[in-house]
Amino acid sequence: MEINIDGLKIEYTESGSGNPILLLHGWGSSFDVYTSIIRNLETRARVVALNFPGCKQSEVMKNPWTLENYCDFVVKFCEALDIKDPIVFGHSHGGRVALYLAAKKMLNIKKLVLLDSAGLIPKKTFKQKLRAKNFKIIKKVLSLPVIRNHSEGLLNKARNHYGSADYNAAPPVLRKTLVSLVNTDIRDILPQISCPTLLIWGENDTATPLSDAKIIEGLIPDCGLCVLKGVGHYSFVERPYDTNAILNSFIK
């Protein structure tokens, strides 16, 4: 299905009936990752999942977005589909958006489910700091007026070498968006979240490590953490049966 939000064609899926559940996916992903969860919940709820701009068939925004832009977009999406008092799921970047929505009370969220969520800026290792510093030096040199008009190819090679897979796979507008998002830390507002919150996390997650989950759990007043052993950043995809069992207990 498709809907137009602020001039952007947005792809979404909807199934079931009853109290609404909204699913927000991670960076560069799509609502397809929620297939097992949708099948589990659609028999007793109205389940809606969207694809963020630039993902699958959803159009790319014209200008870079901040976290606030993503949250405004979700609010407008909910208004357009008459989604009120939802249970909100968020994986990775979708979790970052869900956390901000809940903390700022932009939606009346009934319950919050975070799956290997982003939202904190993790401490960088020495190697990561060195790579970032090297890229900044190279970028500064290649941007000098004398060679700027002839260095675009070399600069792209440097981006490909030093940038993450997500960064390199994204078009320019999404690259700038990603840089903004990964440099946004929202831990200071997490104590403002008042709805019951469930964290489901992979023990071996390296993108959003388990240490982040423990920080989030400590900051949100009504929050519990379930750790799935032996899996990573897509814990709910790798362990669908365990995930759905946990969800069935949390969402009654």
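Note that the coordinates shown come from a computational prediction; the quantities given were computed from them, not determined experimentally.

Asks: What am I meant to see in the overall build of the protein here?
Replies: The secondary structure content of the protein amounts to 10 helices and 8 strands. The proportion of buried residues among the 252 residues of the protein is 47%. Considering only contacts within the protein whose residues lie at least 6 apart along the sequence, 73% involve residues at least 24 apart.

Asks: Can you help me understand the sheet that holds strand E1 (residues 2-5) in this one?
Replies: One key point about sheets: their strands pair by backbone hydrogen bonds, in either a parallel or an antiparallel sense. Taken in spatial order, the 8 strands of this open sheet run E1-E2-E4-E3-E5-E6-E7-E8, and their pairing is mixed. Each edge of the open sheet carries a strand with a single partner, namely E1 and strand E8 (223-228). Between one strand axis and the next, the sheet turns by 20° as a mean value, whatever way the strands run. Bridge count between strand E2 (residues 8-15) and strand E4 (residues 46-50): 4 bridges; the pairing is antiparallel. Residue Ser15 lies in a different strand from E4, and its bridge partner there is Val47. Docked against the sheet, helix H2 (residues 67-80) engages E1, E2, strand E3 (20-24) and E4, running at close to 125° with respect to E1.

Asks: Would you explain the pattern of salt bridges in this entry?
Replies: A side chain with one charge can pair with a side chain of the opposite charge if their charged atoms come near. Summed over the entire model, instances satisfying the criterion amount to 6 salt bridges. Here Arg187 makes a salt bridge to Asp185, at a shortest N to O gap of 2.9 Å.

Asks: Explain the pairing of strand E5 (residues 87-91) here, please?
Replies: The two faces of the sheet receive side chains in turn, since in a regular strand these alternate between them. Burial runs high along E5: 5 of the 5 residues are buried. Because side chains alternate across E5, one face comprises the buried residues Ile87, Phe89 and His91, and the other comprises Val88 and Gly90, equally buried. The sheet contact formed by E5 and strand E6 (residues 111-115) spans 5 bridges and is parallel. For Ile87, the partnering residue across the bridge sits in E6 and is Lys111.

Cut-offs applied
- Residues numbered from 1 in each chain as written.
- Predicted model: local features only at pLDDT ≥ 70, side-chain atom pairs only at ≥ 80, totals over all residues.
- Heavy atoms only, no water.
- Helix = DSSP H or I, 4+ residues; strand = E, 2+ residues; numbered from the N terminus.
- Buried < 20%, exposed > 50% of the residue type's maximum accessible area, 1.4 Å probe, protein only.
- Contact = heavy atoms within 4.5 Å.
- Pairing = 2+ DSSP bridges.
- Axes fitted to C-alpha atoms, helices over the stretch in contact; angles between N-to-C directions.
- Salt bridge = Lys/Arg side-chain N within 4 Å of Asp/Glu carboxyl O.

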